[in-house]
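Survey of secondary and tertiary structure
Each chain is listed here by its residues.
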Amino acid sequence: MYKFTFLADLHYYSKTLGTSGRAYELRSGSDQKCLAESGAIIDAAFDHLARSDTRAVLLAGDLTNDGEMVCHRELREKLYALAEEKPVYLITNTHDWCCDGNPRRFTGARVTHDVPTMPHTGIHDFYYDFGGRQAIAEYRTHLGISSYVIPLAEKIWLLALCDDQNGRGKAGYTEPHFQWIEEQLHRAKEQGCLVLGMQHHLLLPHVHPLLTGGCCVGDRKAVTARLADAGLRYMFVGHSHLQRTDRYRSPAGNELTEVNVGALSGYPVPMVQVTVTDDLQVQMQVEHLATFDWDGRPVDAVAYTRDHACNLLRRVLSGRGPGGFCPEAGRLAAARAQAAASVSIGKAVVSFAAHRHGEGLATNAAAFRAGSVCGRPGGGRTGGSAGSAFSGGGLPRWILRQFMDGSAHPVGRDSAVYRLVLSVIEIPAHLLPGNMDMKKLIFACDAILTGGIGDHQQSVL
């Protein structure tokens, strides 16, 4: 039996870039993930894994905040320390070479962009000790970054893939790259090896295409079918910062299971433990980081990152202007307007919904108005409940957490909470009967509340 740990989206942020002042506060307050705290979270997770029974730690991209050289250097020291206890294999992605060309430093109320960054041509050599050196096969992309194959154990291979660009402006693979991938899968089949795939972007639009379709590789349907038909059965990804597991069957009948690993630097600080049995059966269980040291004391990692994410939602829903929320509020204006409109509709119809569905909704309707529905992940689909999660924070925040933590507290379709939320969501769908996005939102909300098909916390893959 072999155990491996997948992490994603560390987004390590060096404190030398600024951790106080108006500019930093605005930047930190506009992000779901934690910035200044990222190093402490990573230290705690690495220390835990170094003492655990995992055979290797696998990192699925976006290692740094935005490709700053100081972030790379400081993170690599942490990786070397962990590698003294456990093998570490990683892939990088666009955040690791600052693909938007906008690195930032925060000093008081000032934002400057004089931060040296890692060029994509330098990534391969910089992280060569964490995959490239141990690879039994390697493909260098047109960016100079590599995909590679590592034997994790006897008959178990890691196929670590760089999906930064497909040559047509999207994430994915060029045709020569894809042919190399197919060759590795064919070679694994010939040798009777199980392959665990790892890339950064999603193959499958988890929860619903309306919400995560933009997080996927380009031509996702064709790419996913081609990988499944080539023999890949398991893929571990990051990018969306959501914890989710979904299954796919190609038109030819070949199945692929994808585990979307949530961001370590944000709620719910997941570490996905994967166990491969002697008969090559794959099992997955999500473990959450318990604590990390901050301000000289241990803090609850899940509660801290939960509150950070919920505070972001509160800022968005408050409708604060650029001066009170984020200097980059222009790019968030549409999302903020939609969220504010949804909550306004919800507050207007919540009494109607309670009346329509009976007294069982009255408490939840009042909770929605007063903001008293929240909680933390725990126990998966058998160990937690919506009721145990309602401990302060508002129904919209509880839904946000369900979205991010893989529906850790799923509710039944016959529950009061489900009927309340769907009553709210159905109102604009009825008002705009020709708007397909509103109809899609109903299906997306159903998947978030119920968890959809399967268990996103622990399962046999």
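Structure first, text after, so check above.
Each value, and the rule that gives it
Residues numbered from 1 in each chain as written. Predicted model: local features only at pLDDT ≥ 70, side-chain atom pairs only at ≥ 80, totals over all residues. Heavy atoms only, no water. Axes fitted to C-alpha atoms, helices over the stretch in contact; angles between N-to-C directions. Helix = DSSP H or I, 4+ residues; strand = E, 2+ residues; numbered from the N terminus. Parallel < 35°, antiparallel > 145°, perpendicular 65-115°, else oblique. Left-handed = near helix turned anticlockwise from the far one by under 90°. Contact = heavy atoms within 4.5 Å. Nonpolar A, V, L, I, M, F, W, Y, C, P; charged D, E, K, R; others polar. Pairing = 2+ DSSP bridges. Salt bridge = Lys/Arg side-chain N within 4 Å of Asp/Glu carboxyl O. Buried < 20%, exposed > 50% of the residue type's maximum accessible area, 1.4 Å probe, protein only.

**Quick word on the packing of helix 2 (residues 38-50) against helix 3 (residues 69-83)**
- Between helix 2 and helix 3, whose axes approach to 10 Å, the crossing angle comes to 10°. Relative to helix 3, the element helix 2 lies roughly parallel. The chirality of how helix 2 crosses helix 3 is right-handed. Here Gly39, Ile42, Asp43, Phe46 and Ala50 of helix 2 lie close against helix 3, whose contacting residues are Leu75, Lys78, Leu79 and Leu82.
- Residues of the contact of helix 2 with helix 3, tallied by class, amount to 6 nonpolar, 1 polar and 2 charged.

**Notes on the sheet that holds strand 12 (residues 255-260)**
- Reading across from one edge, 6-7-8-9-10-12-11 is the order of the 7 strands in this open sheet, with mixed pairing throughout. Two strands in the sheet have a free side with no partner beyond their single neighbour: strand 6 (137-140) and strand 11 (244-249). Strand-to-strand twist of the sheet, defined as the mean angle between neighbouring strand axes without regard to direction, takes the value 20°.
- Where strand 10 (residues 234-237) lies against strand 12, 4 bridges are found, and the strand directions are parallel. The residue of strand 12 that forms the bridge with Phe236 is Val259.

**Some thoughts on the sheet that holds strand 3 (residues 88-91)**
- Read across the open sheet, the 6 strands follow the order 3-2-1-13-14-17; overall the sheet is mixed. Two strands close off the open sheet at either side, each with one partner strand: strand 3 and strand 17 (458-460). Between one strand and the next, the sheet's axes are offset by a mean angle of 20°, whatever the strand orientation.
- Where strand 13 (residues 270-276) and strand 14 (residues 282-288) come together, 7 bridges link them in antiparallel fashion. Paired with Gln273 across the bridge in strand 14 is Gln285.

**Considering the pattern of salt bridges**
- According to the stated counting rule, one finds 13 salt bridges in the structure shown.
- Between Arg413 and Asp446 there is a salt bridge; the shortest N-O distance is 2.8 Å. Linking Arg413 in the loop between helix 13 (395-404) and helix 14 (416-431) with Asp446 in helix 15 (residues 436-450), this pair joins segments that are 33 residues apart in sequence.
- Classification of Asp446 by relative accessible area gives buried; the value is 14%.
- Here the salt bridges share partners, and the residues they tie into one network are Arg27, Asp31 and Lys33.

**Details of unusual backbone geometry**
- In this chain, Tyr267 is followed by Pro268 through a cis amide linkage whose omega measures 5°.
- Even without a glycine there, the phi angle at Asp219 is positive, about 50°.
- Inspection of the secondary structure assignment puts Asp219 in the loop between helix 6 (209-212) and helix 7 (220-229).
- Even without glycine at this site, Leu280 takes up a positive phi of about 65°.
- With respect to the helices and strands, the residue Leu280 is situated in the loop between strand 13 and strand 14.

**As for the pairing of strand 13**
- The element strand 13 is extensively covered by neighbouring structure, given that 7 of its 7 residues are classed as buried.
- Across 5 bridges, strand 1 (residues 2-7) lies against strand 13 in antiparallel orientation. Pairing of Lys3 across the sheet is with Thr275, part of strand 13.
- Hairpin connection between strand 13 and strand 14: a loop of 5 residues separates the two successive antiparallel strands, and Leu280 in this loop has a positive phi of roughly 65°.

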